[in-house]
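The residues making up each chain are set out below.
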Amino acid sequence: MKYYIVNAFSSGVGNGNPACVVYTDEYLEDEEMQQFAAMMNLSETAFVKKLENGYSLRWFTPSFEIDLCGHATLASAYVILDLEHEEYDEVDFYTKSGVLHVDRISDSFYEMLFPKRSMIPFAPSSKLYEAIGLRGEYYASREIVVVLEDEEQVARYQPDYDRLAGIDDFIGVVITAPGKRVDFVSRYFCTGLRREDPVTGSSHCYLAPFWSHRLQKKKLIAKQMSERGGTIWCRDADDGVYLSGSLFLSLEGNF
């Protein structure tokens, strides 16, 4: 079986979010996929299998399967359309979050259509507020989202993972604010994995519509301010959220 490590939302080796993509015609047990994802120890490992009318796609963190992942979907499309089947310009993935469509816009630049997700405002408990340690607007989605006033607050934040690990009902914490050179910025902290995600496509399923409404813009440029960093081009549309980015192949092999 072939595997590739592809940096998504990236222009080179040192930035973006690396995903491992396993391209196989074989059926793999869940336990096998989880073990391989743990061995690779990246934010996500994607498993792609050919179907009659598209490809199945599943995503695994080192510890558990996840229901939606943006950067690994973009990386999987790059593997199929740039490395395996250059004659194609689009691909459909069948996933736990429905059918996800990806188009090749130009060399190593792809656009994917993802479902919109909502952010519901809520008042944090004192325990949750102390765990996160930020004053801002609190929202609930798949993750907890804290909207801050400016980019500097996002850049300065230092998470306390011992406290964040006590947040059981959400898989992560996202902080976001208006940007200086881009429309908005964000960071993503994986509470269970105790690490910061370099660039998170799935969080922009709710961040892009939120900032589109607040800024009164349908097309936005977003920056994830992790150490590696990455840029996501977003478009809020009636049929979902369009997320685009560049990709870079850093490694390939067989096992």
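Source: prediction; values computed, not measured. (Residues numbered from 1 in each chain as written. Predicted model: local features only at pLDDT ≥ 70, side-chain atom pairs only at ≥ 80, totals over all residues. Heavy atoms only, no water.)

(A) Focus on the environment of L220. Counting through the fold element by element, L220 comes out in strand β15 (residues 219-224). Each C-alpha atom of the pair L220 and C234 lies 5.1 Å from the other, and the pair is 14 residues apart in sequence. Not counting chain neighbours up to four residues away, the residues in contact with L220 comprise D183, F184, A208, W211, S212, L215, I232, W233 and C234. (Helix = DSSP H or I, 4+ residues; strand = E, 2+ residues; numbered from the N terminus. Contact = heavy atoms within 4.5 Å.)

(B) Quick look at the side chain of E44. For E44, the position within the fold is in the loop between α1 (30-40) and β3 (45-50). The residues contacting E44, other than those within four sequence positions of it, are A19, C20, W59, F60, T61, I66, C69, H71 and A72.

(C) Representation of the side chain of T24 in the model. For T24, the location among the structural elements is in strand β2 (residues 17-24). Under the relative-accessibility criterion, T24 is labelled buried at 6%. Filtering out sequence-adjacent residues up to four positions away, T24 remains in contact with M1, V48, K49 and K50. (Buried < 20%, exposed > 50% of the residue type's maximum accessible area, 1.4 Å probe, protein only.)

(D) View of the pattern of salt bridges. A full pass over the atoms with the stated rule returns 17 salt bridges. Two residues, E65 and K96, come together in a salt bridge whose shortest N-O distance is 3.1 Å. With a gap of 31 residues between them, E65 in strand β5 (residues 65-66) and K96 in the loop between β6 (90-95) and β7 (98-106) connect regions that are remote in the sequence. A residue is classified by how much of its surface remains accessible, and K96, at 58% relative accessible area, is exposed. Each of D30, R58, E65 and K96 takes part in a single network of salt bridges with overlapping partners. (Salt bridge = Lys/Arg side-chain N within 4 Å of Asp/Glu carboxyl O.)

(E) Representation of unusual backbone geometry in the model. You will see that S108, though not glycine, has its phi angle at about 65°, which is positive. If you trace the backbone, S108 turns up in the loop between β7 and β8 (109-114). Residue classification places S108 among the partly exposed positions, given a relative accessible area of 21%.

(F) Representation of a negative patch on the surface within the structure. Side chains of D25, E26, E29, E31 and E32 sit close together on the surface and give a patch of like negative charge. Examined against the element boundaries, E26 turns out to sit in the loop between β2 and α1. Residue classification places E26 among the partly exposed residues on the basis of a relative accessible area of 47%. (Patch = residues over 30% accessible without salt bridge, like charges linked within 9 Å, V, L, I, M, F, W, Y side chains within 5 Å. Areas by Shrake-Rupley, 256 points an atom, 1.4 Å probe, with all protein chains shown as cover. Lys, Arg positive; Asp, Glu negative; His and termini not counted. Charge placed at Lys NZ, Arg CZ, Asp CG, Glu CD.)

(G) Structural view of the nonpolar core. Of all hydrophobic cores here, the largest spans 53 residues; its most connected members are W59 and F93. Not counting chain neighbours up to four residues away, the residues in contact with F93 comprise V48, Y55, L57, T73, S76, A77, I80, G98, V99, L100 and V102. Within the second largest apolar cluster, 20 residues are counted, among which are L128, L148, Y161 and I175. (Core = buried A, V, L, I, M, F, W, Y, C linked by side-chain atoms within 4.5 Å.)

(H) Spatial organisation of the pairing of β3. Sheet analysis places β2 next to β3, joined by 5 bridges and oriented parallel. Bridge assignment links T24 to a residue of β3, and that residue is K49. A crossover connection joins β2 to the parallel β3 through α1; in handedness this β-α-β unit is right-handed. Here β3 hands over to strand β4 (residues 55-60) after 4 residues, with G54 in that stretch at a positive phi of 160°. (Pairing = 2+ DSSP bridges. Right-handed = clockwise from strand over helix to strand, strands pointing away.)

(I) Broad picture of α1. Regarding α1, the residues found buried are M33, Q34, F36, A37 and M40. Projection of α1 onto a plane perpendicular to its axis shows the buried side chains occupying an angular sector of 165°, all on one side. Opposite its buried face, α1 presents the exposed residues E31 and M39, each directed more than 90 degrees away. Turning to α1, the residues buried within the fold contact β1 (2-8), β2, β3, β4 and β5. Just beyond α1, the residue with positive phi is N41, at close to 55°. (Arc of directions from axis to C-beta.)

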